[in-house]
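Structural description and commentary
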Amino acid sequence: MASAPRQAGRMDTALATLRDAIAELEEIDDTAHLLARAAVATTTLGFDRAMISSVSGGTWVPVAGHIERDPAWASQIVAAGQARPEVIDTSLPEAEVIRRRKAILVDDVSKLPRCYAAIIEISKGRRYVAAPILANRTVIGFIHADAFYRSRTFTDTDMQLMGLFGEFLGAAMSRVRMLDDLRVLRGELDGISTRIADLERSWCGQPHPSGRPGWNVTTERAQPPGARAPSGRAHSLTRRELEVLEFVAEGATNARIARALTISEGTVKGHMKHILRKLGAANRAEAVSHWLRLNSPSGRP
């Protein structure tokens, strides 16, 4: 048995790793990116495979996964689960996770009355830790992790870390969902404000900004055939995405941006992916061009 000082040292190291994982996830404000990075972060807690799942209406569906040595395998496992969502009943050990809202250790799936067959069949997993993702004390998902390549023994520390991580991830999910709702509301309010301004111009006899008759308050312009319509606007970018885009405009590499903002290169790549999507850009140069045009008073770079 390990001595008390050695156990304390291991716990300190584990908590430091958990803090680092949480710090990175706190920078993310996109649901899909958050879940994907959460799966990666789980493997930094002493595991080599991880899967994040949603739980809704008694149905369990994998949504993200990560395997250090074989990312493609992780994608196949998640796809298998999404093709065959599992209904949770008392014969599944995960029902205990929901009931107790605590992490559990499944020591041997062959001894279970029932398991998530579609996942076990493709993952070849036999021993794993499962923890609840909690939002307002409600289980909204699971974190599953194992040590497939290392074949190590799980400890109470592993259970505690997974439980803490599940609580954090639930809070992070709630935050991101709230931000998503706020963005939608802001877009709706922007649209209402534009329509009100157009009506005011019409009532005052001022020219409509589109050059159309005053009674037509629609301000959208038809796009030429084949033109790409921007999928987002500058104001839809988050503070962090704007910071990344400013560095990109200066010609900075992902490595330089990561060092400047004290984040990983993977996080920079994730931000760039969302920037391109929001601005409707195909590459970095096009994103910068769109951003400059949207922020220019004349609408031109």
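What counts as what
- Residues numbered from 1 in each chain as written.
- Predicted model: local features only at pLDDT ≥ 70, side-chain atom pairs only at ≥ 80, totals over all residues.
- Heavy atoms only, no water.
- Phe/Tyr/Trp six-rings, centres within 6.5 Å; stacked < 30°, edge-to-face > 60°.
- Helix = DSSP H or I, 4+ residues; strand = E, 2+ residues; numbered from the N terminus.
- Buried < 20%, exposed > 50% of the residue type's maximum accessible area, 1.4 Å probe, protein only.
- Salt bridge = Lys/Arg side-chain N within 4 Å of Asp/Glu carboxyl O.
- Axes fitted to C-alpha atoms, helices over the stretch in contact; angles between N-to-C directions.
- Parallel < 35°, antiparallel > 145°, perpendicular 65-115°, else oblique.
- Left-handed = near helix turned anticlockwise from the far one by under 90°.
- Contact = heavy atoms within 4.5 Å.
- Nonpolar A, V, L, I, M, F, W, Y, C, P; charged D, E, K, R; others polar.

**Re the packing of aromatic side chains**
Here the structure, examined in full by the defined rule, presents 6 aromatic pairs. On the basis of an interplanar angle of 40° and a centroid distance of 5.7 Å, the ring pair of Phe 47 and Phe 154 is categorised as tilted. Of the two residues, Phe 47 sits in the loop between α2 (31-43) and β1 (49-56) while Phe 154 sits in the loop between β6 (138-146) and α6 (156-203), which places them 107 residues apart along the sequence. The same class applies to Phe 47 and to Phe 154, which are both buried.

**Let's talk about the pattern of salt bridges**
Summed over all chains, the structure comprises 13 salt bridges. Among the ionic pairs, Arg 114 bridges to Glu 86, the shortest N-O distance being 2.3 Å. Of this pair, Arg 114 sits in the loop between β4 (104-106) and α5 (117-123) while Glu 86 is found in strand β3 (residues 86-87), placing the two residues 28 residues apart along the sequence. Here Arg 152 and Asp 158 are joined by a salt bridge, their closest N and O atoms 2.9 Å apart. By relative accessible area, which is 25% here, Arg 152 ends up partly exposed. Salt bridges here are not isolated pairs; linked through shared partners, they connect Asp 48, Glu 68 and Arg 150.

**Quick word on the packing of α2 against α6**
Contact geometry of α2 with α6 gives a least axis separation of 10 Å together with a crossing angle of 165°. With respect to each other, α2 and α6 are oriented roughly antiparallel. The handedness of the crossing between α2 and α6 is right-handed. On α6, the residues touching Thr 31, Leu 34, Leu 35, Ala 38, Ala 41 and Thr 42 of α2 are Met 162, Phe 165, Leu 169, Ala 172, Met 173, Val 176 and Asp 180. Of the residues belonging to the contact of α2 with α6, the class tally is 10 nonpolar, 2 polar and 1 charged.

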